[in-house]
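# A look at the structure
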Amino acid sequence: VDWARWRLALSGGTDSRAILQRLRDHRVECVTWGLEAAPWDPESDAAVARRLAARHGVGFTYFPTDLASDAAGDVLARFAHEGEGRVDHVYAY
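Quick look at the structure, then. The structure presented is a predicted model; accordingly, all values stated were derived computationally and were not measured.

## Let's talk about the pairing of strand S3 (residues 60-64)
As a general feature of sheets, a regular strand has side chains that alternate between the two faces. The pairing of strand S2 (residues 29-34) with S3 spans 5 bridges and is classified as parallel. Within S3, the residue paired with Cys 30 across the bridge is Phe 60. Handedness of the crossover is the feature at issue here: the chain leaves S2, passes through helix H2 (residues 45-56), returns alongside S3, and the resulting connection is right-handed.

## Details of the side chain of Ser 16
Counting through the fold element by element, Ser 16 comes out in helix H1 (residues 14-22). On the accessibility criterion, Ser 16 (5% relative accessible area) is buried. A polar contact of 3.0 Å, which involves the side chain of Ser 16, links it to the backbone nitrogen of Ser 11. Discounting chain neighbours no more than four positions away, the residues touching Ser 16 are Leu 8, Ala 9, Leu 10 and Ser 11.

## A look at the pairing of S2
Examined bridge by bridge, strand S1 (residues 7-9) and S2 share 3 bridges and lie parallel to one another. Residue pairing for S2: Arg 7 is matched across the bridge by Glu 29. Since S1 and S2 lie parallel, the crossover through H1 that links them has a hand, and here it is right-handed.

## Here's the deal with the nonpolar core
Counting residues in each nonpolar core, the largest one holds 11 residues, listed as Leu 8, Leu 10, Leu 20, Leu 23, Val 28, Cys 30, Val 48, Ala 49, Leu 52, Ala 53 and Val 58. When residues of this core are assigned to their parent elements, the largest contribution, 4 residues, is made by H2. Once you skip the residues sitting within four places of it in the chain, Ala 53 turns out to touch Leu 10, Val 58, Gly 59 and Phe 60.

## Considering the environment of Arg 50
Structurally, Arg 50 is set in helix H2. C-alpha separation for the pair Arg 50 and Pro 39, spaced 11 residues apart in sequence, amounts to 7.5 Å. Residues in contact with Arg 50, not counting those within four places in the same chain, are Pro 39, Trp 40 and Phe 60.

## A short note on the side chain of Ser 44
Summarising the element assignment, Ser 44 is placed in the loop between S2 and H2. Given a relative accessible area of 12%, Ser 44 falls into the buried group. Within the structure, the side chain of Ser 44 is placed 2.5 Å from the backbone oxygen of Ala 38, a separation counted as a polar contact. Within the structure, the side chain of Ser 44 is placed 3.1 Å from the backbone nitrogen of Ala 47, a separation counted as a polar contact. Ignoring sequence-local partners within four residues, the contact set of Ser 44 consists of Ala 38 and Pro 39.

Calculation criteria
Residues numbered from 1 in each chain as written. Predicted model: local features only at pLDDT ≥ 70, side-chain atom pairs only at ≥ 80, totals over all residues. Heavy atoms only, no water. Pairing = 2+ DSSP bridges. Helix = DSSP H or I, 4+ residues; strand = E, 2+ residues; numbered from the N terminus. Right-handed = clockwise from strand over helix to strand, strands pointing away. Buried < 20%, exposed > 50% of the residue type's maximum accessible area, 1.4 Å probe, protein only. Polar contact = N/O pair within 3.5 Å; in protein donor to acceptor, adjacent residues only side chain to side chain. Contact = heavy atoms within 4.5 Å. Core = buried A, V, L, I, M, F, W, Y, C linked by side-chain atoms within 4.5 Å.

Rendered as C-alpha cells:
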C-alpha cells in the first residue's frame, strides 16, 4: 500500500482512534470536516481529531463545511452521490 496516497477520516470516535493507532507506523495523513468554528470547541470531534493527529505526529487537514448558498437540488445531489445516503448530515454536502 502506498500510504502517501491515503487519508484517514479522523474523528473523536473510538473506531477512528483505533484505526489511527493501528496505522501509526505508516504515518498516514488525517482529515476531518465540520463547521468552521468546530476546531476551536475543545469538546468537538474536530478538536479531538486535531489533538490526536498532533499526539501521533501525523499530518492533519480540516475542511470547513459551513452552509453555502448552493441550490438545494445541488446539495442533495452531492449528498446522494458522495455520501451515498449513509449519514444524515446533509449540511456537510
